[in-house]
Amino acid sequence: QELALKSLGNEGLFLFSSLDTNKDLYLSPEEFKPIAEKLTGVASVSESEEEETPDPDGETLSIVAKFQPLLMETMTKSKDGFLGISHVALSGLRNWTAPAAPMSVLLAKQFKAFLPPKDNLDLGDPWWIIPSELNIFTGYLSNNRFYPPPPKGKEVIIHKLLSMFHPRPFVKTRFAPQGAVACIQASSSFYYTIAFRIHAEFQLNEPPNFPFWFSPGQFTGYIVLSKDSSHVRDFRLFVPNNRSLNVDMEWLYGASESSNMEVDIGYLPQMELESTGPSVPTVIHDENGNVLDSRDPSGEPIQFVFEEITWQQEIPWQEAAHRLEVAMYPFKKISYLPFTEAFERAQAEKKLVHSILLWGALDDHLLCLFLVPGSGRTLRETVLESSPILALLNESFISSWSLVKELEELQSNRENEFHSKLAKLHLEKYNFPVEMIICLPNGTVIHHINANYFLDITSMKPEDVESSIFSFSTNFEDPSTATYLQFLKEGLHRAKPYLHP
């Protein structure tokens with residue numbers, strides 16, 4: 001390592017390390033491949049792609065990419081004119097204004113990766129197309145990388161699809177939950193509608209610049225395909241744009257893993273792939289097996305007529321999407337309602353509102369802040385997934401999570417004074433990055449705790465914790481679960497005079 005540093009210098013070693021995936025201080029031909037492709041301009045075919053033998057009689061699917069770049073003014077750092085941020089750091093982001101490949105033609109058979117692993121799965125039962133290999137205990141993958149590893153197996157088709165947006169997609173994200181999950185939304189005798197959710201990200205910079213990671217909250221969509229994958233009727237993949245923020249970004253400022261990192265979030269209006277129509281045969285035969293011209297006498301392409309699909313079983317898209325969400329995030333086994341709806345439900349059921357107010361999304365791969373210990377990622381992967389917390393929340397609370405930006409907009413909206421007041425009461429208690437709040441149905445906050453403080457006290461020894469409100473219980477081994485349970489119970493205790501006078 002010292003010799004390499006002496007030979008290459010800091011930035012040279014940084015680039016070398018980003019390519020040296022097994023950290024043996026030698027570059028194999030496979031590890032050097034990204035540089036070779038960059039210098040020669042010729043992309044080699046990976047082994048996994050070589051294994052695909054195109055069927056000369058197989059069908060092809062035409063897919064178009066639709067892309068509107070990130071709105072720079074939605075980034076937090078735009079408020080001070082990106083003060084102190086070098087133009088070079090954001091160059092990859094600013095220059096990404098169009099999809100890398102506006103159109104692509106793929107073999108229908110390649111979409112076999114979306115088929116269920118067995119025939120007897122019930123509608124809505126999730127399975128992993130690409131399993132998540134990370135969790136709260138395994139840590140995360142290196143930030144110091146520029147080029148994605150070669151995709152293998154079912155990763156290949158997802159890598160091809162995401163490469164239509166940008167040439168450097170990582171089909172496995174640095175943080176959990178990574179991978180891709182799917183379920184059957186509808187089934188007929190010969191077809192499935194498969195709903196899917198993918199967590200992937202892009203590396204926008206190349207050497208000599210430092211890495212810039214662009215992580216959409218999620219990719220979701222559906223595919224209608226035959227059970228033998230010979231025909232694709234419809235395909236759509238997109239980044240949801242229904243919330244005010246939907247992309248997380250991090251970029252490094254130095255040539256080491258421990259270098260300073262900037263973090264921000266923003267809004268991407270559109271990132272979408274859509275099939276132009278059903279897949280069609282590449283070659284047409286008559287009843288005697290003779291090849292026919294694919295154009296009619298006037299030179300126009302032959303028009304195909306497809307049978308109508310009669311679905312025998314079907315579940316709503318919202319239910320399929322929720323099943324995929326729970327597979328990625330077990331804490332969503334209980335419902336997290338929209339902010340104002342949560343208070344209406346709490347009023348009707350005479351329950352308290354358990355609310356999480358944060359800078360970035362709790363149930364997308366968009367995280368409130370990767371580098372702050374009190375992040376939504378830490379919350380959702382520990383206490384919010386634990387059985388005792390899920391049971392108490394389900395029994396006694398109506399849960400909700402909100403973005404600070406959304407509540408600021410709600411507060412300034414004078415059309416509904418009650419909603420504006422609810423938002424104001426929440427924002428008064430908010431401290432960066434995450435605030436957990438318990439309140440009455442009328443919005444009165446009766447208890448709250450900041451995530452950073454919560455994590456500080458759960459990392460202390462029990463005898464060092466002064467406040468009885470957050471004392472540890474011997475019923476649970478995990479101090480985080482015990483402390484959060486105590487937080488919820490204290491909220492219930494304080495609310496008794498109001499809910500049960």
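Numbering of residues starts from 1 in every chain and runs along the sequence as written. Owing to the predicted nature of the model, reporting of local features is limited to residues with pLDDT of at least 70; listing and counting of side-chain atom pairs is limited to 80 or more, with chain, interface and lining totals taken over all residues. The side-chain values count all of the structure's non-hydrogen atoms but skip hydrogen atoms and water molecules.

Trainee: It is not clear to me how the sheet that holds strand E7 (residues 201-203) should be interpreted in this structure. Could you clarify?
Mentor: Two modes of strand pairing occur in sheets, parallel and antiparallel, and in both the strands are linked by backbone hydrogen bonds. Any two strands with at least two DSSP-identified bridges between them are counted as paired. Only runs of H or I of at least four residues qualify as helices and only runs of E of at least two qualify as strands under DSSP, and these elements are numbered from the N terminus. Strand order across the open sheet formed by five strands is E4-E7-E8-E11-E12, with antiparallel pairing between neighbours. Pairing within the sheet leaves two strands with one partner each, and these edge strands are strand E4 (169-170) and strand E12 (261-266).

Trainee: Sorry, what's going on with the pattern of salt bridges here?
Mentor: Opposite charge on two side chains makes pairing possible when the charged atoms of those side chains draw close. The term salt bridge refers to a pairing of a side-chain nitrogen on Lys or Arg with a carboxyl oxygen on Asp or Glu at a separation within 4 Å. Counted under the stated rule, the structure contains 17 salt bridges. Among the salt bridges present, the one from glutamate 349 reaches lysine 351, with a minimum N-O distance of 3.5 Å. Exposure is judged per residue with a 1.4 Å probe applied to protein chains only, and the accessible area is read against the type maximum: over 50% gives exposed, under 20% gives buried, and values in between give partly exposed. Relative accessible area serves as the criterion here: at 17%, lysine 351 is assigned to the buried category. Here the residues in one salt-bridge network are Asp125, Glu319 and Arg323, joined through shared partners.

Trainee: Is there a simple way to explain the nonpolar core in this structure?
Mentor: One recurring pattern in soluble globular proteins is that nonpolar side chains are buried together. Grouping buried Ala, Val, Leu, Ile, Met, Phe, Trp, Tyr and Cys residues that are joined through side-chain atoms within 4.5 Å yields what is termed a nonpolar core. In this structure, Phe111, Phe214 and Phe235 are the most contacted members of the largest nonpolar core, which totals 117 residues. Residue ranges for the domains originate in an automatic or database domain assignment. Looking at this core, you find at least three residues from each of domain 2 (59-284 + 307-324) and domain 3 (330-499).

Trainee: Can you help me understand the sheet that holds strand E18 (residues 336-337) in this one?
Mentor: Sheet architecture is open: five strands sit in the order E18-E20-E19-E21-E22, paired in mixed fashion. The outermost strands of the open sheet, each flanked by one partner alone, are E18 and strand E22 (445-450). By the bridge criterion, six bridges tie strand E19 (residues 352-358) to strand E21 (residues 434-439) in an arrangement that is antiparallel. Directly across from histidine 354, in E21, lies its bridge partner isoleucine 438. With respect to the sheet, helix H10 (residues 404-412) is in contact with E19 and strand E20 (397-403), its orientation differing from that of E20 by roughly 95 degrees. What makes two residues a contact is simply this: any of their non-hydrogen atoms within 4.5 Å. The angle between two axes is taken between their N-to-C directions and runs from 0 to 180 degrees, where each axis is a line fitted to C-alpha atoms and a helix contributes only its stretch in contact. Strands E19, E21 and E22 of the sheet are contacted by helix H11 (residues 417-429), whose axis makes an angle of about 130 degrees with E21.

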